[in-house]
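Survey of secondary and tertiary structure
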Amino acid sequence: MASQRLTSELLVQATSGGCGWLAEQAAQGRLLADYVSLRRLAWAHLFGIISGETSEDWVKALEVGRKRYNGLLEDYRRESNVKALDPNVCNPLARNSDNPFNKMQANDELLKEIWKDVERTFPEVEMLSSADSRKMLQRLLFHWCRATNPAKAACDSYRQGMNELAAVMLAACKWGEYAEGSWETPEALGLRLCGRQHTEADAFTLFSRLMDMGLRPMFMPTSSSATSPIGGARNSNSVIGELPRSRLGGGSGRELPPSSAILARCMFIFDTVVKRSDLALHKHLLKLEIEPQVFLLRWLRLLFCREFSLEDTLLMWDGFFADAYKPPSAAPSWTYPEPAKGGGEMAWREAAEASAKMPLVDYVAAAFLRGMRGDLLGLDQTDCLRRLLSARPPACGVGALLDSARRLRDCAASMSLVSPALGADAGPLGGSNMAANFGSSLDPLSSRPGQGLLGGPPGSRPLPVADVGAAGGAGNFNAPPRGQHLLSAAALGAQGLFSAAVQKISEQLPPMEPTLSSGSVLGSTEELRRRLVQAEQERDTIKRKANEFVTAKRAEWASQVNELKAQLAQRDQQLAERDARIAELEAHLRHAGEALIADVSSVSPAPALAAQAAVDLSNGLLSDSAEDEEAPV
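Residue numbering note: each chain is counted from 1, following its sequence as written. This being a predicted model, a pLDDT of at least 70 is required before a residue's local features are given, and a value of 80 or more before pairs of side-chain atoms are given or counted; all residues contribute to the totals for chains, interfaces and linings. The side-chain quantities take in all heavy atoms of the structure and omit both hydrogens and water.

1. Quick notes on the overall build of the chain
Helix and strand definitions here come from DSSP, where helices need a minimum of 4 consecutive H or I residues and strands a minimum of 2 consecutive E residues; each element is numbered from the N-terminal end. In terms of regular secondary structure, the chain is built from 24 helices and 0 strands. Any two residues whose heavy atoms approach within 4.5 Å at even a single point are treated as in contact. Restricting to contacts in the chain with at least 6 residues of sequence separation, those with at least 24 account for 75%. Of the roughly 32,900 Å² of accessible surface on the chain, 56% is carried by carbon and sulfur atoms. Surface accessibility follows the Shrake-Rupley procedure with a 1.4 Å probe radius. Residue values consider only the protein chains on display as shielding.

2. Some thoughts on the confidence of the model for the chain
Regions with low pLDDT should not have their predicted coordinates read in detail. Per-residue confidence for the chain gives a mean pLDDT of 76, with 67% of residues at or over 70. Per-element confidence in the chain is highest for helix α8 (residues 162-175), whose mean pLDDT is 96, and lowest for helix α22 (residues 518-522), whose mean pLDDT is 40. Here residues 416-444 scores under 50 on pLDDT; set against residues more than four positions off or in separate chains, the count is 88 contacts. Scored from 0 to 100, pLDDT reflects the predictor's confidence in each residue. With pLDDT under 50 throughout, residues 509-523 is counted as low confidence; its partners more than four residues away or in other chains account for 6 contacts.

3. Some details on the state of the cysteines
The disulfide criterion is simple: two cysteine sulfur atoms within 2.5 Å. This structure, assessed with the given rule, holds 0 disulfides. With no disulfide of its own, C173 has C194 as its nearest cysteine by sulfur position, at a separation of 8.3 Å.

4. Quick look at the pattern of salt bridges
Note on definitions: salt bridges are taken to be side-chain nitrogens of Lys or Arg within 4 Å of carboxyl oxygens of Asp or Glu. Applying the stated criterion across every chain, the model contains 26 salt bridges. Among the salt bridges present, the one from D278 reaches R370, with a minimum N-O distance of 2.9 Å. Here D278 is found in the loop between α12 (261-277) and α13 (279-287), whereas its partner R370 is found in helix α17 (residues 360-370), with 92 residues between them in sequence. For the exposure calls, accessible area comes from a 1.4 Å probe over protein chains only, and a residue counts as buried if that area is under 20% of its type's maximum, exposed if over 50%, partly exposed in between. On the basis of relative accessibility, which here comes to 0%, the residue D278 falls in the buried class. Judged by relative accessible area, which is 2%, R370 ranks as buried. R544 is paired through a salt bridge with E548; the nearest N and O atoms lie 3.3 Å apart. You can see R544 and its partner E548 sitting in helix α23 (residues 525-602), 4 residues apart, about one turn around the helix. Given a relative accessible area of 43%, R544 falls into the partly exposed group. What makes E548 partly exposed here is its relative accessible area of 45%. Ionic contacts of the salt-bridge type, sharing partners, join the residues R40, E63, R66 and D202 into one network.

5. Topic: the packing of helix α6 (residues 131-148) against helix α10 (residues 199-215)
Angular values range over 0 to 180 degrees, each being the angle between N-to-C directions of two axes fitted as lines to C-alpha atoms, with helices fitted over their stretch in contact. Axis separation between α6 and α10 bottoms out at 10 Å; the angle between their running directions is 45°. In terms of orientation, α6 lies oblique with respect to α10. Like other packed secondary-structure pairs, α6 and α10 cross with a definite hand, here right-handed. Where α6 approaches α10, its residues M136, R139, L140, L141, H143 and W144 are matched on the opposing element by T199, E200, A203, F204, F207, S208 and M211. Only Asp, Glu, Lys and Arg are considered charged, only Ala, Val, Leu, Ile, Met, Phe, Trp, Tyr, Cys and Pro nonpolar, and every remaining residue, Gly among them, polar. Class assignment for the residues of the contact of α6 with α10 results in 8 nonpolar, 3 polar and 2 charged. Any angle that falls under 35 degrees is termed roughly parallel, while one over 145 is termed roughly antiparallel, one within 65 to 115 roughly perpendicular, and all others oblique. Helix crossings fall into two classes, left-handed where the near helix is turned counterclockwise from the far one by less than a right angle and right-handed where it is turned clockwise.

What follows is the structure, given as structure tokens:
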């Protein structure tokens, strides 16, 4: 998502439209492109932070949260000023309980605990991975934990996952910063509403309101007082929960009461919403002993921000907050049970309160799980867990997922108008399973041809239970008229009873080889579209890998060619040096031969010297004899 800033034109449009216009934009999924920067104000209204129709009322409401956050900053600075404290009281050796040094040490431990997660939060988002943004994120989490969730241990005050929720809030505020002009004064409306200097404080306020909307109990640890019916206390630091219920119950079918709100909420979604909307999928996961908290815990705590990109997460949260701000008139009949005494009353109550504050989240979780049913039903336990823990966003988009969740909730509301189903199909929490095998060809998240959101048999064509928005859109947030509920309920009752009877008969028949029906051959449009998108993604992946392979090989070959060229050049140089040396040696040899020949030619041969000596001797003898003859006797 490109970085967007709140311009003066958008600000005028928002202030003139008022809070109702902002809520409508969020409800209809229109906070895209240029309207991304309006999400900061829209969420502030949906959380009840700002109200009224004038911009000055908005500024006054925002100042309340900003003053609170600035007060927390000032209190922390005052507590950290060691020089201003009494050294007799504030020192490591003092053992009094109100020693400020102990509080500073706890603060340091909390900051370190938060930083472990902050430094790896959304590393792919440049705006959130900068040093300033990470320090800002650490500060607002630190002050929220100190002010709202204090605890003796840092790991109890802060829980992993809070960093990602706060990061999404910080991203919404940063994208909503006002792009002030050089001519504007600090008193300009845009700077007072969404100025950069207020980003951290506004993100803190939004995060605080988000945690108050049922998310804080989702991070609370398991109650230490909870005990297992088979003996012994439960693990109070458990994040996921108990062992599979079938093993803890000793095979007797007994289920343990939930020990925390997050476990109770996971049980409600799995044993009520999923079971009544897709009995086959529920039985399959139950048979594989896959505990719902294994995958639902992260979905509920983080509101799907790890399963979707940041842009899609923002759109999904628009739907959650807008739905919580204006819930439908017809309440679903699938409600939390009334636990018996000692059956986790506190956990069930906190879970029900959390679901009531953002009711669409539970049905999005069920619809998201239903979108994977085509893969899950054919996998074993290991592959199912791998698929659930690496869930991919549906190809139909966030808007279609929200629409499916609303239709599922509308179906649950319609069930209150239908007579009870067969007693054998009643779930463990009470109520009917009338829609367990009810199919809907309108569901864009269907993973198999002919199977819709409620998992009906191929070829079933029921009446729609709610208005269906365009694929990828935000859909209608209002419940259908009561007359439409009556018609839908009649269809649900007839097909639910028929499907229940078919289910009973099919369980008594021996297993048969699956055959291809016309519905499974033709498939649905959304299934074909999903497969087309998947094929295009696989094609792009293969093309990318092929290009990477060719590029790597070309680089490898070029390196080898350059190496061979260097070796040839070195060999040529060695040959040239050898030829030069040979020529030099030949020149020296030729010069030495010529000198030798000259020396030899200058020396007289031995016979010539002997003859010359003989001539000289004979000449000497003759001269001596002549002198003797001339001498007087």
